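Given next are the chains, with one letter for each unit.
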Amino acid sequence: MGDSTRDADADVIVSGREPRRRSQSRPGGLVWLLVVVQAAALAIAAAIAVHYRAEAGRLVHSGAQPASPLASPMPQMTSAALRLPAGGGVAGTVVITAAVLPGAARAQFTVSAVMTGGAPGTVYDLIGSDCSTADPRPDEVWATGLARADGTADLTGYTWTGAVAHRYWMVLDPSPADQAPGLHGHFAAGAATPFRAGQAPCGISS
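Computed from a prediction, not measured in an experiment: that's the story for all the values here.

Enquirer: Describe in detail the nonpolar core, supporting the description with residues and values.
Expert: In terms of nonpolar packing, the biggest core is built from 31 residues, with V94, L126, W142, L155 and M170 touching the most fellow members. Looking at this core, the element that brings in the most residues is strand β4 (residues 106-116), giving 5 residues. In contact with L126, other than residues within four places in its own chain, are L84, V94, V111, A113, E140, V141, W142, A143, L155, M170, V171 and L172. The next biggest cluster of nonpolar side chains, apart from the first, holds 6 residues, and it includes I127, C131, W169 and A180.

Enquirer: Can you explain the pattern of salt bridges? Please cite residues and give values.
Expert: Enumeration according to the criterion identifies 1 salt bridge in this entry. For R148, the salt bridge goes to D154, with nearest N and O atoms at 3.2 Å. Its relative accessible area of 31% is what places R148 among the partly exposed residues. By relative accessible area, D154 is classed as buried at 5%.

What counts, and where the lines are drawn
- Residues numbered from 1 in each chain as written.
- Predicted model: local features only at pLDDT ≥ 70, side-chain atom pairs only at ≥ 80, totals over all residues.
- Heavy atoms only, no water.
- Core = buried A, V, L, I, M, F, W, Y, C linked by side-chain atoms within 4.5 Å.
- Buried < 20%, exposed > 50% of the residue type's maximum accessible area, 1.4 Å probe, protein only.
- Helix = DSSP H or I, 4+ residues; strand = E, 2+ residues; numbered from the N terminus.
- Contact = heavy atoms within 4.5 Å.
- Salt bridge = Lys/Arg side-chain N within 4 Å of Asp/Glu carboxyl O.

Rendered as structure tokens:
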């Protein structure tokens, strides 16, 4: 198990199983990505439902009654597929899937990607951070994967919890371009836009 928990006061908390790099072949391209996105959406929805039920059970056990015991809110699911800005002949698609309970300030989200044109045998990561921190260093690995002999790679993500109002960013690492381009936006709301090479991702309004 590759579980890790960040400080409760941190802006981003990672949880879940670290993706394993496998040598056997997987379904190619967008078919694989669709399977991953659907599985992630189910996992996120299940996690939110379990959390909600635990909170409701805690209220009942303490003697308080939930405001609406028969109406469990369903998480709102959002998914965005975007071109992966990378340069140097590398291309691909990133999918961000987010789930949030109505009115909640925090949401769970995953990032996955498929890419082509990579160097065979190279481990590629989508790295980035939270723009709201004082020092937005690339200390988060949003997704990771190993490039096959034909240069294609499936980058599998973790399940994250983040603030819906915060902006995040990501770039491909290693990058074929200096001062790599990437994506930035409200990942916990399932939204992002590209930024060009040389731009500061947190200095651009999205």
